[in-house]
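Next come the chains, spelled out residue by residue.
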Amino acid sequence: MNHLFVDNLTVIDFAYLDPTRGLVGESWIADVVLGGELDDQGMVFDFSNVKRTIKRIIDERVDHRLVIPRGYEGLSWNQDTPDTFIWNLTDGSHIIHRSPDEAVVWLSSDQVTPSAVATLLERELLAVLPANVTSVQISLREDTIEGAYYHYVHGLKKHLGNCQRIAHGHRSPIRIDRNGKRDEVLERSWAKLWEDIYVGSEEDVVRRYVKEDGTAYITFEYEANQGEFALTLPEKRVYMMSTDTTVELIAAHIASQLKSELPSDTILVKAYEGVGKGAIASR
(Lines give C-alpha, C1' and ligand atoms only; values in the text may rest on other atoms or scores of the structure.)
Protein backbone atom coordinates (compact mmCIF):
# COMPACT_ATOMS: atom_id res chain seq x y z
CA MET A 1 0.00 0.00 0.00
CA ASN A 2 1.16 3.53 -0.80
CA HIS A 3 0.75 6.43 1.59
CA LEU A 4 0.35 10.18 1.18
CA PHE A 5 0.62 12.58 4.13
CA VAL A 6 -0.27 16.21 4.72
CA ASP A 7 0.78 17.81 7.99
CA ASN A 8 -0.87 20.97 9.34
CA LEU A 9 -3.73 20.59 6.90
CA THR A 10 -6.08 22.79 8.90
CA VAL A 11 -6.92 24.04 12.38
CA ILE A 12 -10.37 23.35 13.80
CA ASP A 13 -11.61 25.87 16.39
CA PHE A 14 -14.59 24.49 18.28
CA ALA A 15 -16.09 23.88 21.71
CA TYR A 16 -17.01 20.71 23.53
CA LEU A 17 -18.81 19.71 26.70
CA ASP A 18 -16.98 18.18 29.64
CA PRO A 19 -18.65 16.92 32.86
CA THR A 20 -16.27 18.88 35.12
CA ARG A 21 -14.85 21.70 32.99
CA GLY A 22 -18.19 22.59 31.38
CA LEU A 23 -17.87 24.37 28.04
CA VAL A 24 -14.32 24.05 26.76
CA GLY A 25 -12.90 26.05 23.87
CA GLU A 26 -10.41 24.08 21.81
CA SER A 27 -8.12 24.38 18.78
CA TRP A 28 -6.73 21.22 17.19
CA ILE A 29 -4.30 20.96 14.29
CA ALA A 30 -5.25 18.24 11.79
CA ASP A 31 -2.69 15.99 10.08
CA VAL A 32 -3.83 13.41 7.53
CA VAL A 33 -2.39 10.21 6.05
CA LEU A 34 -4.08 8.53 3.07
CA GLY A 35 -3.36 4.96 2.07
CA GLY A 36 -4.26 3.14 -1.13
CA GLU A 37 -3.31 2.15 -4.64
CA LEU A 38 -1.83 4.52 -7.19
CA ASP A 39 -4.26 5.92 -9.77
CA ASP A 40 -3.62 6.52 -13.48
CA GLN A 41 -1.54 9.59 -12.57
CA GLY A 42 0.69 7.57 -10.24
CA MET A 43 -0.88 9.22 -7.18
CA VAL A 44 -2.86 8.10 -4.15
CA PHE A 45 -4.67 11.44 -4.21
CA ASP A 46 -3.88 14.67 -6.03
CA PHE A 47 -2.43 17.26 -3.63
CA SER A 48 -4.46 19.93 -5.38
CA ASN A 49 -7.62 18.17 -4.16
CA VAL A 50 -6.52 17.76 -0.55
CA LYS A 51 -7.68 21.20 0.57
CA ARG A 52 -10.59 21.18 -1.84
CA THR A 53 -12.03 17.94 -0.45
CA ILE A 54 -10.43 16.80 2.79
CA LYS A 55 -9.90 20.19 4.44
CA ARG A 56 -13.40 21.26 3.45
CA ILE A 57 -15.03 18.21 5.06
CA ILE A 58 -12.98 18.51 8.27
CA ASP A 59 -13.80 22.22 8.54
CA GLU A 60 -17.49 21.83 7.74
CA ARG A 61 -17.99 18.90 10.10
CA VAL A 62 -16.31 20.18 13.28
CA ASP A 63 -14.96 23.73 12.89
CA HIS A 64 -16.93 26.36 14.85
CA ARG A 65 -19.34 23.77 16.24
CA LEU A 66 -20.18 22.42 19.68
CA VAL A 67 -19.14 18.76 20.04
CA ILE A 68 -21.41 16.74 22.33
CA PRO A 69 -20.71 13.19 23.56
CA ARG A 70 -24.09 11.49 23.28
CA GLY A 71 -23.09 8.71 25.69
CA TYR A 72 -22.65 10.97 28.73
CA GLU A 73 -25.22 9.99 31.37
CA GLY A 74 -25.70 13.59 32.48
CA LEU A 75 -27.09 14.63 29.09
CA SER A 76 -30.86 15.06 28.74
CA TRP A 77 -33.43 16.74 26.52
CA ASN A 78 -37.15 16.95 25.93
CA GLN A 79 -38.46 15.16 22.85
CA ASP A 80 -40.80 18.12 22.25
CA THR A 81 -37.83 20.50 21.96
CA PRO A 82 -35.10 18.47 20.22
CA ASP A 83 -33.02 21.57 19.51
CA THR A 84 -32.52 22.13 23.26
CA PHE A 85 -30.55 19.97 25.68
CA ILE A 86 -29.37 20.08 29.30
CA TRP A 87 -25.83 19.13 30.32
CA ASN A 88 -25.50 18.32 34.03
CA LEU A 89 -22.11 19.04 35.54
CA THR A 90 -20.40 17.13 38.32
CA ASP A 91 -20.68 20.10 40.71
CA GLY A 92 -24.50 19.95 40.53
CA SER A 93 -24.94 22.88 38.14
CA HIS A 94 -26.03 22.63 34.50
CA ILE A 95 -25.72 24.14 31.02
CA ILE A 96 -28.69 24.57 28.66
CA HIS A 97 -28.05 25.00 24.94
CA ARG A 98 -30.35 25.67 21.98
CA SER A 99 -29.28 26.05 18.36
CA PRO A 100 -29.88 24.89 14.80
CA ASP A 101 -28.63 21.35 14.04
CA GLU A 102 -25.71 22.65 11.97
CA ALA A 103 -24.13 24.24 15.06
CA VAL A 104 -23.53 20.93 16.88
CA VAL A 105 -21.76 17.60 16.34
CA TRP A 106 -22.93 14.44 18.13
CA LEU A 107 -20.27 11.89 19.09
CA SER A 108 -21.08 8.24 19.77
CA SER A 109 -19.02 8.23 22.97
CA ASP A 110 -19.24 9.34 26.59
CA GLN A 111 -16.46 11.93 26.32
CA VAL A 112 -14.77 14.11 23.72
CA THR A 113 -11.26 12.98 22.79
CA PRO A 114 -9.10 13.61 19.71
CA SER A 115 -9.37 9.94 18.75
CA ALA A 116 -13.19 9.95 18.94
CA VAL A 117 -13.44 13.05 16.73
CA ALA A 118 -10.82 11.65 14.35
CA THR A 119 -12.79 8.41 13.97
CA LEU A 120 -15.88 10.36 12.98
CA LEU A 121 -13.93 12.33 10.38
CA GLU A 122 -12.16 9.26 9.00
CA ARG A 123 -15.47 7.51 8.43
CA GLU A 124 -16.96 10.45 6.58
CA LEU A 125 -13.86 11.02 4.44
CA LEU A 126 -13.68 7.39 3.31
CA ALA A 127 -17.24 7.68 2.03
CA VAL A 128 -16.37 10.50 -0.41
CA LEU A 129 -12.79 9.79 -1.50
CA PRO A 130 -11.95 7.84 -4.70
CA ALA A 131 -12.12 4.03 -4.56
CA ASN A 132 -8.34 3.67 -4.76
CA VAL A 133 -8.04 5.40 -1.35
CA THR A 134 -8.59 2.55 1.10
CA SER A 135 -7.53 4.11 4.42
CA VAL A 136 -7.66 7.51 6.08
CA GLN A 137 -5.82 8.39 9.27
CA ILE A 138 -6.57 11.72 10.93
CA SER A 139 -4.38 12.95 13.78
CA LEU A 140 -5.70 15.83 15.88
CA ARG A 141 -3.27 17.61 18.17
CA GLU A 142 -2.89 20.75 20.21
CA ASP A 143 -0.40 23.42 19.22
CA THR A 144 2.76 23.54 21.35
CA ILE A 145 2.50 26.75 23.35
CA GLU A 146 5.39 28.24 25.31
CA GLY A 147 3.85 30.34 28.03
CA ALA A 148 0.35 31.06 29.24
CA TYR A 149 -2.85 30.17 27.41
CA TYR A 150 -6.56 29.82 28.08
CA HIS A 151 -9.58 27.98 26.69
CA TYR A 152 -12.50 30.28 25.91
CA VAL A 153 -15.90 29.93 24.25
CA HIS A 154 -18.04 32.67 22.70
CA GLY A 155 -20.54 33.50 19.97
CA LEU A 156 -20.69 36.43 17.56
CA LYS A 157 -24.27 37.06 16.49
CA LYS A 158 -23.30 39.79 14.00
CA HIS A 159 -20.89 37.52 12.13
CA LEU A 160 -22.15 36.38 8.72
CA GLY A 161 -20.22 33.09 8.89
CA ASN A 162 -20.00 30.26 11.42
CA CYS A 163 -18.61 32.46 14.21
CA GLN A 164 -22.24 33.42 14.88
CA ARG A 165 -22.76 30.04 16.59
CA ILE A 166 -23.23 30.73 20.28
CA ALA A 167 -20.85 28.04 21.56
CA HIS A 168 -17.64 27.75 19.59
CA GLY A 169 -14.21 28.35 21.01
CA HIS A 170 -10.45 28.41 20.94
CA ARG A 171 -7.33 27.38 22.85
CA SER A 172 -5.30 30.56 22.79
CA PRO A 173 -1.93 31.88 23.97
CA ILE A 174 -1.63 35.42 25.29
CA ARG A 175 1.37 37.74 25.15
CA ILE A 176 1.49 40.83 27.40
CA ASP A 177 4.28 43.38 27.26
CA ARG A 178 4.62 45.94 30.05
CA ASN A 179 6.86 48.89 29.29
CA GLY A 180 8.40 47.04 26.37
CA LYS A 181 9.18 43.83 28.24
CA ARG A 182 7.21 40.61 28.39
CA ASP A 183 5.34 40.19 31.68
CA GLU A 184 4.72 36.48 32.23
CA VAL A 185 3.07 37.13 35.60
CA LEU A 186 0.31 39.16 33.92
CA GLU A 187 0.00 36.51 31.22
CA ARG A 188 -0.49 33.75 33.78
CA SER A 189 -2.99 35.89 35.68
CA TRP A 190 -5.24 36.33 32.62
CA ALA A 191 -4.82 32.70 31.65
CA LYS A 192 -6.06 31.67 35.09
CA LEU A 193 -8.95 34.15 34.96
CA TRP A 194 -10.04 32.79 31.57
CA GLU A 195 -9.48 29.12 32.30
CA ASP A 196 -12.40 27.27 30.60
CA ILE A 197 -14.48 30.45 30.41
CA TYR A 198 -17.43 31.64 28.37
CA VAL A 199 -16.87 35.23 27.24
CA GLY A 200 -20.29 36.82 26.98
CA SER A 201 -21.59 40.10 25.62
CA GLU A 202 -23.83 42.12 27.93
CA GLU A 203 -26.25 43.00 25.14
CA ASP A 204 -27.05 39.30 24.60
CA VAL A 205 -28.16 38.69 28.21
CA VAL A 206 -31.90 38.07 28.56
CA ARG A 207 -32.07 36.73 32.11
CA ARG A 208 -30.15 36.40 35.37
CA TYR A 209 -31.49 34.22 38.16
CA VAL A 210 -30.51 32.18 41.21
CA LYS A 211 -31.65 28.60 41.79
CA GLU A 212 -32.75 27.24 45.16
CA ASP A 213 -29.31 25.73 45.72
CA GLY A 214 -27.79 29.22 45.46
CA THR A 215 -26.23 28.82 42.01
CA ALA A 216 -26.46 31.99 39.91
CA TYR A 217 -27.12 31.60 36.17
CA ILE A 218 -26.96 33.82 33.09
CA THR A 219 -28.98 33.21 29.91
CA PHE A 220 -27.83 34.55 26.54
CA GLU A 221 -30.10 34.63 23.51
CA TYR A 222 -29.90 36.05 20.01
CA GLU A 223 -31.07 35.51 16.48
CA ALA A 224 -28.54 35.34 13.65
CA ASN A 225 -28.86 34.44 9.99
CA GLN A 226 -28.39 30.73 10.75
CA GLY A 227 -31.26 30.74 13.26
CA GLU A 228 -32.02 31.21 16.95
CA PHE A 229 -29.40 30.55 19.62
CA ALA A 230 -29.64 30.38 23.41
CA LEU A 231 -27.24 29.39 26.17
CA THR A 232 -27.64 29.24 29.95
CA LEU A 233 -24.53 28.93 32.11
CA PRO A 234 -23.55 29.17 35.77
CA GLU A 235 -22.43 32.76 36.34
CA LYS A 236 -19.08 31.62 37.78
CA ARG A 237 -18.21 30.14 34.38
CA VAL A 238 -18.81 33.42 32.51
CA TYR A 239 -16.69 36.52 31.94
CA MET A 240 -18.79 39.49 30.84
CA MET A 241 -17.80 42.17 28.35
CA SER A 242 -19.73 45.34 27.53
CA THR A 243 -18.95 44.89 23.82
CA ASP A 244 -19.03 42.05 21.34
CA THR A 245 -16.37 39.39 21.83
CA THR A 246 -14.33 39.49 18.63
CA VAL A 247 -10.62 38.90 19.19
CA GLU A 248 -9.98 42.57 18.32
CA LEU A 249 -12.31 43.67 21.12
CA ILE A 250 -10.92 41.02 23.48
CA ALA A 251 -7.37 42.34 22.98
CA ALA A 252 -8.58 45.92 23.49
CA HIS A 253 -10.52 44.93 26.62
CA ILE A 254 -7.57 43.21 28.26
CA ALA A 255 -5.27 46.11 27.40
CA SER A 256 -7.73 48.64 28.84
CA GLN A 257 -8.21 46.61 32.03
CA LEU A 258 -4.47 46.41 32.55
CA LYS A 259 -4.02 50.10 31.81
CA SER A 260 -6.61 50.98 34.46
CA GLU A 261 -4.69 48.86 36.99
CA LEU A 262 -1.27 50.16 35.88
CA PRO A 263 -1.95 53.75 34.68
CA SER A 264 1.69 54.80 34.50
CA ASP A 265 2.75 51.82 32.39
CA THR A 266 2.63 51.15 28.66
CA ILE A 267 0.70 47.97 27.89
CA LEU A 268 0.70 45.86 24.73
CA VAL A 269 -1.54 42.79 24.43
CA LYS A 270 -1.23 40.16 21.73
CA ALA A 271 -4.35 38.01 22.08
CA TYR A 272 -4.56 34.89 19.96
CA GLU A 273 -7.67 33.31 18.53
CA GLY A 274 -6.61 29.69 18.26
CA VAL A 275 -3.39 28.97 16.33
CA GLY A 276 -1.33 31.61 14.56
CA LYS A 277 -3.88 34.42 14.39
CA GLY A 278 -5.34 37.09 16.64
CA ALA A 279 -5.23 40.79 17.44
CA ILE A 280 -2.90 43.35 19.04
CA ALA A 281 -3.93 46.25 21.25
CA SER A 282 -1.81 48.83 23.07
CA ARG A 283 -2.60 51.37 25.76
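Before any of the text, the structure's been laid out above.
The following refers to the structure shown. Everything numeric in this text was worked out from a predicted model, so none of it was measured.

### With respect to the side chain of Asp63
No. 1: Relative to the helices and strands, Asp63 resides in the loop between α1 (47-62) and β3 (66-69).
No. 2: Among buried charged residues, Asp63 stands out as having no salt bridge; its nearest opposite-charge side chain is Lys55, 7.2 Å away.
No. 3: Within the structure, Asp63 has its side chain in polar contact with the backbone nitrogen of Asp13 (distance 2.7 Å).
No. 4: Discounting residues that sit within four places of it in the chain, Asp63 has contacts with Val11, Ile12, Asp13, Ile58 and Arg165.

### Here's the deal with the nonpolar core
No. 1: Judged by nonpolar contacts, the single largest core of 33 residues is most densely connected at Leu34, Ile54, Ile58, Ile138 and Leu140.
No. 2: Only β1 (2-18), β2 (22-36), α1, β7 (104-107), α2 (114-126) and β8 (133-141) provide two or more residues apiece to this core.
No. 3: Once residues within four sequence positions are removed from consideration, Ile54 is found in contact with Leu9, Val32, Leu34, Phe45, Asn49, Leu125 and Leu129.

### A word on the packing of aromatic side chains
No. 1: The final tally for this structure, using the stated rule, is 14 aromatic pairs.
No. 2: With 5.3 Å between their ring centres and 45° between their planes, Tyr198 and Phe220 make a pair best called tilted. Placement of Tyr198 in strand β12 (residues 197-201) and of Phe220 in strand β14 (residues 216-224) is noted, with a sequence separation of 22 residues between them.
No. 3: What makes Tyr198 buried here is its relative accessible area of 3%.

### Here we look at the environment of Arg21
No. 1: Turning to its location among the elements, Arg21 is positioned in the loop between β1 and β2.
No. 2: For the pair Arg21 and Ile197, spaced 176 residues apart in sequence, the C-alpha separation works out to 9.1 Å.
No. 3: Aside from chain neighbours lying at most four places away, what touches Arg21 is Tyr16, His151, Asp196 and Arg237.

### Remarks on the packing of α1 against α2
No. 1: One can describe the packing of α1 onto α2 by two numbers: an axis separation of 10 Å at closest approach and a directional angle of 130°. Classified by the angle between their axes, α1 and α2 sit oblique to one another. In terms of crossing hand, the pair formed by α1 and α2 is right-handed. Residues Ile54, Ile57, Ile58, Arg61 and Val62 of α1 form the contact with α2, whose participating residues are Val117, Leu120, Leu121, Glu124 and Leu125.
No. 2: Considered class by class, the residues forming the contact of α1 with α2 number eight nonpolar, no polar and two charged.

### Remarks on α1
No. 1: Along its 16 residues, α1 runs 22 Å from first to last C-alpha, staying within 8% of the 22 Å computed at 1.5 Å per residue.
No. 2: At Lys55, α1 is bent by approximately 30°, the largest bend along its length.
No. 3: All buried positions along α1 are accounted for by Val50, Thr53, Ile54, Ile57, Ile58, Asp59 and Val62.
No. 4: Capping the start of α1, Asp46 holds a side-chain oxygen 2.9 Å from the backbone nitrogen of Ser48, two or three residues further along.
No. 5: Of the residues flanking the end of α1, it is His64, one or two places downstream, whose phi is positive at about 60°.

Calculation notes
Residues numbered from 1 in each chain as written. Predicted model: local features only at pLDDT ≥ 70, side-chain atom pairs only at ≥ 80, totals over all residues. Heavy atoms only, no water. Helix = DSSP H or I, 4+ residues; strand = E, 2+ residues; numbered from the N terminus. Buried < 20%, exposed > 50% of the residue type's maximum accessible area, 1.4 Å probe, protein only. Lys, Arg positive; Asp, Glu negative; His and termini not counted. Salt bridge = Lys/Arg side-chain N within 4 Å of Asp/Glu carboxyl O. Polar contact = N/O pair within 3.5 Å; in protein donor to acceptor, adjacent residues only side chain to side chain. Contact = heavy atoms within 4.5 Å. Core = buried A, V, L, I, M, F, W, Y, C linked by side-chain atoms within 4.5 Å. Phe/Tyr/Trp six-rings, centres within 6.5 Å; stacked < 30°, edge-to-face > 60°. Axes fitted to C-alpha atoms, helices over the stretch in contact; angles between N-to-C directions. Parallel < 35°, antiparallel > 145°, perpendicular 65-115°, else oblique. Left-handed = near helix turned anticlockwise from the far one by under 90°. Nonpolar A, V, L, I, M, F, W, Y, C, P; charged D, E, K, R; others polar. Expected span 1.5 Å × (residues − 1). Bend = angle between axes of the 7 residues up to and from the residue.

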